[in-house]
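Here's the letter readout for the chains.
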Amino acid sequence: MQWETVIGLEIHTQLATRSKIFSATSTAFGAEPNTQASAIDLGLPGVLPVLNEEAVRLAVRFGAAIGAEIAPRSVFARKNYFYPDLPKGYQISQYELPVVGRGQVEILLEDGSVKTIGVTRAHLEEDAGKSLHEDFQGYTGIDLNRAGTPLLEIVSEPDLRSPQEAVAYAKKIHQIVRYIGISDGNMQEGSFRMDANVSVRPVGQKTFGTRAEIKNVNSFRFLEKAIEFEVERQIELIERGGQVVQETRLYDPTKDETRSMRTKEEANDYRYFPDPDLLPLEIDAAFIEAATADLPELPDAKRARFRADYGLSDYDANLLTASRELADYFEAVARICGEPKLAANWVSGELMAALNKSERDISDSPVSAAQLAGLLERIQDKTLSGKLAKQVFEAMFQGEGEVDAIIKARGLKQITDTGAIETMIDAIIAANPAQVEQYRAGKDKVFGFFVGQVMKASAGKANPAQVNELLKRKLQG
Amino acid sequence: MQNKSIAELAADLRLRRYSSLELTRHYLERIERLDARLNSYITVDAEGALAAAERADEALRRDAAGPLTGIPIAHKDIFCTAGLRTTCASRMLENFTAPYDATVVERLAAAGAVVLGKTNMDEFAMGSSNETSHFGPVRNPWDAARVPGGSSGGSAAAVAARLCAAATGTDTGGSIRQPAAFCGITGIKPTYGRCSRWGMIAFASSLDQAGVMARSAADAACLLDEMAGFDRRDSTSAEVPVPDYVDSLDDDLHGLRIGLPKEYFGEGLDPGVARSVEAAIREYEQLGATIKDISLPNSPLSVPVYYVVAPAECSSNLARFDGVRYGHRCEHPASLEDLYTRSRAEGFGAEVRRRIMIGTYVLSAGYYDAYYLKAQKIRQLIAQDFRRAFEEVDVILGPTSPTTAFALGAKLDDPVAMYLNDIYTIATNLAGLPGMSIPIEPVAGLPVGLQLIGNYFQEARLLNVAHRFQHATHWHQAAPAGFE
Amino acid sequence: MLWSLVFHSGYWQNPMSLDCTDVAKMAHLARLAIDSGQCERYAADLSNILDLVARMDAVDTSGVEPMAHPLQMAQRLRPDVVEESDRRADFQALAPLTDNGLYLVPKVID
């Protein structure tokens, strides 16, 4: 039987606010346990929540970025359950009336086509604390620094049909939240966490199969692997005559498998109701206008513009718009050197390779856009060959200084003086009569030998085009 | 001293007729001598009170006194007080001392008030008789065999017995007004949002409101002047200007339109209480008011609605008491589940557990619409009744409670009978309106309360209407035997 | 007359009845330990309360907007400013069991 995979994602992204969503406590990462947990975050008796304006502003920006309706009135609800990292015994979230309504994003599929993925909703909520299960001999330690950190939960439609689509969608959301500056998207620090609802059904069947929810995946690679495993597990189960159970599963990267969480999920009954400590959140046109006035160009628009204005390929345009910082870098290089295609090749080639190798981000690049543009100008004015330019780039990446200084210090200036090249060629022809004979007898391959000899004699600095042209003339005699 | 009004005490303190230290010692001595009969205090803070009194005297000497400087008051033990334990009359918080003050506590302290201690109450304010306290029941100063009402029974008894000049209370379904009626004092529950809920331990967040229990409307106005006002720490705090409540106390009542809801005078109302209320209404006619019969057709449903809304909110509000960060924790928990279930079962008394269970039930899957949502809709209808009524009248009058104080233990085993005691007070909380209870002619030696309900943020009008009555009558001056 | 329905609470037409299974389920959700001996009493008390509550059924509420809150106000927003400082020592002085700044609970197994 042919199976179709159906996936929906719930993404929790931490909003980049200074203080928590309902208290004036710092959200800085990495503090000593419970030193960033105020009376409100600890749920002490008599304390009350007051909503952080910035969290609302950031949610509105996201809504605008995915073309969603911003609810003029949304409501905070309590999700009631007991867990030691949930101090109040309920999580303040949004249930029936979320702040961001239906929107959509486009993802690029492997075959180059574009697919639209629906975003059902996005709502504001508070994060829980952290449970530490190691090192306390029979006890679990609770750190509530993270409790109350603002999250935007972004819920997709079940529009995704493969692990690859799920990853493309997740990356797209990740790209958007970073573009519009609402989250740092830092996955190691838990600022971007994904839950995947996965089900399978026979191709052609209209209704959905029973889904399992894979919780708390924090890397795109694990997301893909977890869904792949889960899809196989479900198909195998059904083909053996079994039934998928609606449950929560965890992905274990060390074993590359998902396993059922043995909590009594069926007994969960969250008893949502409007939080009586908070009033309806009303957002008017002026608030939306102020929150979105400085929204940057979004990835899709930027990609289209890069293709149209700079004549870039789909591949390059996609790659160079991966992040706002990268796109800005590329545009700066292109503007200074005036050769967008050359700039694109260098940014997506040498620069990205060097950054990846040294595990650095574009924002920490040791070579600035102006420096790279300076290098490209030396290629354009033929001071440097492509090969020499790579050497200079490496030196710049190691922090050896500016382009011209490196060229000078290493004597890397390209030899373009025809007379000097001719002198070298003459000497080589004189020293290799046998090879000259072979070439003249029609053995074209020997030409490469002569090029190599000239480049060797010039320590790689002779202009390759000139070498080719002069050699041809001289060898023909 | 204990029979003087707050204005008189403040004047005496300013004129150095006696010091705040003397006044405070006087109250502490009375508490020491008399409170064993009542059990109205959970915690008496003699040391803190005397230190505050000395500071008050110092301020008086420097002519830097605030309106309440040196006046000894008490706080219901539901308001958090930094450095002084706050129990909510529960074993759960038997040893809990909040590291912060409630806004109400902070404001009264800033006005110079001296805190004598924390008063007894129904556990987590759940009760109408003050019998659910972990620290034992409070007795009614007028008859020790009877309840003082609840949940602010300790504050009511302490004020009636002259064990403080005035006290704070909270009112979720009648918890200020009903004990005020049972103990023969004046109580005001302001409009929802008028006083900050910050630091006031939540029972039902959409209904809870802090207020004052005093011997007169004038005394209540003195405290409310300081307590009321916007607080940025409470999202439900109203940004509505606070008038001077003392200023308008003497305003004339001619032309005042009083509404009498027919639903408040029907079956179930004790005939003696009814006669007393009717006599008070005649007094108002003497004072120049006009009387109009009105109807609040949905108000009989306020009890059923309340027993959905309040338990639902309480079941969630009390989930934080889990034995992890503060409060009671059971001995040797075998597992997390055991820690939760035993700490909570041991820490909460029977009535609290009952309401948590009901609240859990009405919010649970499959029942939400039938109970919670339905209750929210009827709540709307109840509020609409009042909105319509206030188009025609300025103040609504009726009994505070269907009967006078009942005997200790009489309703303890019948939760539903206990709940019906608040039948006249609950609708006000559901609508969020301000309400008062003032003492009128007693029945068989027991106090009777007249309830006054005003439109939103009309506390000044209510206090004025109460004060004019107290100016013309003497019921509010009566003191229970043995506590004069 | 509704009053009499409310006052004579013992005589409902269709009494709600909760049994021990319901009580156990609520007790679990609310994390309250209940002895098996208390179960009948709880079931009876809760059933009586639900009978009282069931009086709401008599009212037609179609088209009525639910009222979650007494005030017709909107949520106020707080500026994004850090005002709290570290008070861990004060707060953990209230805690039954802590170690190295962490609150401790019996080991959670998932």
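## Some details on the overall build of chain C
- A count of helices and strands for chain C gives four helices and three strands.
- Starting at the N terminus and ending at the C terminus, chain C contains elements arranged as α-α-α-β-α-β-β.
- The buried share of chain C, taken over its 110 residues, is 44%.
- When the accessible surface of chain C is totalled, it reaches about 5700 Å², and 49% of it is carbon and sulfur.

## Looking at the overall build of chain A
- Counting its regular elements, chain A contains 15 helices and 16 strands.
- Taking 23 Å as the expected radius of gyration for a compact globule of 477 residues, we find that chain A reaches 30 Å, considerably beyond that expectation.
- Counting only C-alpha atoms, chain A reaches 95 × 55 × 50 Å along its principal axes.
- Taking as baseline every contact in chain A between residues at least 6 positions apart, the subset at least 24 positions apart corresponds to 69%.

## Quick look at the packing of helix α9 (residues 302–317) of chain B against helix α12 (residues 369–389) of chain B
Residue and element names in this part refer to chain B.
- Where α9 contacts α12, the two axes come as close as 9 Å, and the packing angle between them is 125 degrees. One element, α9, and the other, α12, form an angle in the oblique class. Considering only the axes of α9 and α12, their crossing is left-handed. Judged by residue contacts, Ser-302, Val-305, Val-308, Val-309, Ala-312 and Glu-313 of α9 engage Tyr-371, Tyr-372, Ala-375, Ile-378, Arg-379 and Ile-382 from α12.
- Residues belonging to the contact of α9 with α12 are distributed by class as follows: nine nonpolar, one polar and two charged.

## Here's the deal with the state of the cysteines
- In this structure the tally under the stated criterion is one disulfide over all chains.
- Counting only cysteine sulfurs, Cys-88 of chain B is the nearest neighbor of Cys-80 of chain B, a cysteine outside any disulfide, at a range of 8.0 Å.

## What about the interface of chain B and chain A?
- On the side of chain A, 31 residues touch chain B, which itself brings 37 residues to the contact.
- Overall, the association of chain B and chain A removes approximately 2700 Å² of surface from exposure, summing both partners, and the carbon and sulfur fraction of that is 61%.
- Its largest share of buried area at the contact with chain A, chain B owes to Ser-235, Arg-320 and Arg-325 of chain B, together 22% of the area lost on that side.
- The interface formed by chain B and chain A contains one salt bridge.
- Between Asp-277 of chain A and Arg-197 of chain B there is a salt bridge, with the nearest N and O atoms lying 3.1 Å from each other.
- The interface formed by chain B and chain A contains 16 residue pairs in polar contact (both at pLDDT 80 or more).
- At the level of secondary structure, the elements contributing two or more residues to the side of chain B that touches chain A comprise α9, α10 (336–347) and α11 (350–363) of chain B.
- The greatest single-element share of the side of chain B that touches chain A, amounting to four residues, is contributed by α9 of chain B.

## What about the interface of chain C and chain B?
- Chain C puts 58 residues into the contact, and the matching count from chain B is 76 residues.
- Summing both partners gives a buried area of about 6100 Å² for chain C against chain B, and 70% of it is carried by carbon and sulfur.
- The interface formed by chain C and chain B contains four salt bridges.
- When the shortest N-O distance is used, the salt bridge between Asp-45 of chain C and Arg-354 of chain B registers 2.9 Å.
- At the junction of chain C and chain B, the tally comes to 18 residue pairs in polar contact (both at pLDDT 80 or more).
- Listed by contribution, the elements that provide at least two residues to the side of chain C that touches chain B are α1 (2–7), α2 (20–29), α3 (39–53), α4 (88–92) and β3 (102–106) of chain C.
- Residue contributions to the side of chain C that touches chain B peak at nine residues, all from α3 of chain C.
- Partitioning the side of chain C that touches chain B into residue classes produces 39 nonpolar, nine polar and 10 charged.

## Concerning the environment of Ala-33 of chain C
- Relative to the elements of secondary structure, Ala-33 of chain C occurs in the loop between α2 and α3.
- Among residues more than four places away in sequence, those in contact with Ala-33 of chain C are Thr-341, Arg-342 and Ala-345 of chain B together with Gln-38 of chain C.

## Quick look at the nonpolar core
- In this structure, Phe-124, Tyr-284, Phe-386, Leu-452 and Leu-463 of chain B are the most contacted members of the largest nonpolar core, which totals 201 residues.
- Leave out the neighbours within four places in its chain, and Phe-124 of chain B touches Cys-88, Ser-90, Met-92, Leu-93, Ile-201, Phe-203, Leu-318, Phe-321, Phe-348 and Val-352 of chain B.
- Within the second largest apolar cluster, 102 residues are counted, among which are Leu-51, Leu-312, Ala-343 and Leu-384 of chain A.

## Focus on a negative patch on the surface
- A surface patch of negative charge is lined by Asp-244, Asp-247, Asp-250, Asp-251 and Asp-252 of chain B.
- Take Asp-244 of chain B: it is sitting in the loop between α7 (217–227) and β7 (257–261).

## Structural notes on the confidence of the model for chain C
Residues and elements named next belong to chain C.
- The pLDDT averaged across chain C works out to 86; a share of 84% of its residues lies at or above 70.
- Scored below 50 in pLDDT, residues 1–14 makes 23 contacts in the model with residues more than four places away or belonging to other chains.
- Two numbers describe this predicted complex: its pTM, 0.91, and its ipTM, 0.96.

## What about the sheet that holds strand β10 (residues 435–443) of chain B?
All names here are of chain B.
- A sheet is described by the order of its strands in space; here 11 strands give the open sequence β1-β3-β2-β4-β6-β5-β10-β11-β9-β7-β8, paired in mixed fashion. Since the sheet does not close on itself, it has two edges, and those belong to β1 (41–44) and β8 (290–294), each with one partner. The mean inter-strand angle of the sheet, taken between neighbouring strand axes irrespective of direction, is 30 degrees.
- The pairing of strand β5 (residues 186–189) with strand β6 (residues 209–214) spans three bridges and is classified as antiparallel. Within the sheet, the bridge partner assigned to Gly-187 lies in β6 and is Met-213.
- The sheet contacts of helix α2 (residues 20–38) involve β1, β2 (72–76) and β3 (114–119), and relative to β3 the element is tilted by about 20 degrees.
- Across the sheet, helix α15 (residues 459–472) lies against β5, β9 (395–399), β10 and β11 (446–454), angled at about 15 degrees from β10, the strand it touches most.

## Some words on the pattern of salt bridges
All names here are of chain A.
- Per the counting criterion, the structure on display carries 57 salt bridges over all chains.
- A salt bridge links Asp-275 to Arg-78; the nearest nitrogen and oxygen atoms lie 3.1 Å apart. Of the two residues, Asp-275 is situated in the loop between β15 (273–274) and β16 (281–282) and Arg-78 in strand β4 (residues 76–80); the sequence distance between them amounts to 197 residues.
- Looking at Asp-275, the relative accessible area reads 2%, which means it is buried.
- What makes Arg-78 buried here is its relative accessible area of 0%.
- In this structure, Arg-146 and Asp-127 form a salt bridge, with 3.3 Å as the shortest nitrogen-oxygen distance.

## Considering the sheet that holds strand β11 (residues 192–202) of chain A
All names here are of chain A.
- Here eight strands make up an open sheet; going across it, the order is β6-β7-β10-β1-β11-β12-β13-β14 and the pairing mixed. Looking along the sheet, the strands with just one partner apiece sit at the ends: β6 (103–108) and β14 (257–260). When strand polarity is set aside, the average angle formed by the axes of neighbouring strands in this sheet is 30 degrees.
- Where strand β1 (residues 3–14) meets β11, 11 bridges bridge the pair, whose relative direction is antiparallel. By the bridge assignment, Ile-7 is partnered in β11 with Val-198.
- Against the sheet, helix α2 (residues 163–179) engages β1, β6, β7 (114–126), β10 (150–156) and β11, with an angle of about 115 degrees to β6.
- In the packing of helix α3 (residues 220–239) onto the sheet, the strands contacted are β1, β11, β12 (212–217), β13 (247–252) and β14, and the crossing angle to β11 comes to about 25 degrees.

## So, α11 of chain B
- A rise of 1.5 Å per residue sets the reference length of α11 of chain B, with its 14 residues, at 20 Å; its end C-alpha atoms lie 20 Å apart and thus fit the reference within 8%.
- Within α11 of chain B, 13 of the 14 residues are buried, leaving the element largely enclosed by the surrounding structure.

## Some thoughts on the domain arrangement of chain A
- Annotation of chain A at the domain level lists domain 1 (3–291), domain 2 (299–410) and domain 3 (418–476).
- In this structure, domain 1 of chain A and domain 3 of chain A have C-alpha centres spaced 66 Å apart.

## Examining the packing of aromatic side chains
- All told, the structure shown has 30 aromatic pairs over all chains when counted by the stated rule.
- Taken together, a centroid distance of 3.7 Å and an interplanar angle of 5 degrees make the contact between Tyr-95 of chain A and Tyr-272 of chain A stacked. With a gap of 177 residues between them, Tyr-95 of chain A in the loop between β5 (90–94) and β6 and Tyr-272 of chain A in the loop between β14 and β15 connect regions that are remote in the sequence.
- For Tyr-95 of chain A, a relative accessible area of 39% translates into the label partly exposed.
- An angle of 35 degrees between the planes, with centres 6.1 Å apart, marks the rings of Tyr-439 of chain A and Phe-447 of chain A as tilted.
- Ring-pair connections join several aromatic residues into one group, and the members of that group are Phe-96, Phe-124, Phe-321, Tyr-326 and Phe-348 of chain B.
- The ring of Tyr-270 of chain A has Lys-79 of chain A sitting right over it, with the charged end atom 4.4 Å from the ring centre.

Cut-offs applied
Residues numbered from 1 in each chain as written. Chains lettered and ligands numbered in written order. Predicted model: local features only at pLDDT ≥ 70, side-chain atom pairs only at ≥ 80, totals over all residues. Heavy atoms only, no water. Helix = DSSP H or I, 4+ residues; strand = E, 2+ residues; numbered from the N terminus. Buried < 20%, exposed > 50% of the residue type's maximum accessible area, 1.4 Å probe, protein only. Areas by Shrake-Rupley, 256 points an atom, 1.4 Å probe, with all protein chains shown as cover. Rg over C-alpha atoms; globule rule 2.2 N^0.38 Å. Contact = heavy atoms within 4.5 Å. Axes fitted to C-alpha atoms, helices over the stretch in contact; angles between N-to-C directions. Parallel < 35°, antiparallel > 145°, perpendicular 65-115°, else oblique. Left-handed = near helix turned anticlockwise from the far one by under 90°. Nonpolar A, V, L, I, M, F, W, Y, C, P; charged D, E, K, R; others polar. Disulfide = S-S within 2.5 Å. Buried area = accessible area lost by both parts, 1.4 Å probe. Salt bridge = Lys/Arg side-chain N within 4 Å of Asp/Glu carboxyl O. Polar contact = N/O pair within 3.5 Å; in protein donor to acceptor, adjacent residues only side chain to side chain. Core = buried A, V, L, I, M, F, W, Y, C linked by side-chain atoms within 4.5 Å. Patch = residues over 30% accessible without salt bridge, like charges linked within 9 Å, V, L, I, M, F, W, Y side chains within 5 Å. Lys, Arg positive; Asp, Glu negative; His and termini not counted. Charge placed at Lys NZ, Arg CZ, Asp CG, Glu CD. pLDDT = per-residue confidence, 0-100. Pairing = 2+ DSSP bridges. Expected span 1.5 Å × (residues − 1). Domains from an automatic or database assignment. Phe/Tyr/Trp six-rings, centres within 6.5 Å; stacked < 30°, edge-to-face > 60°. Lys NZ or Arg CZ within 6 Å of the ring centre and 35° of its normal.

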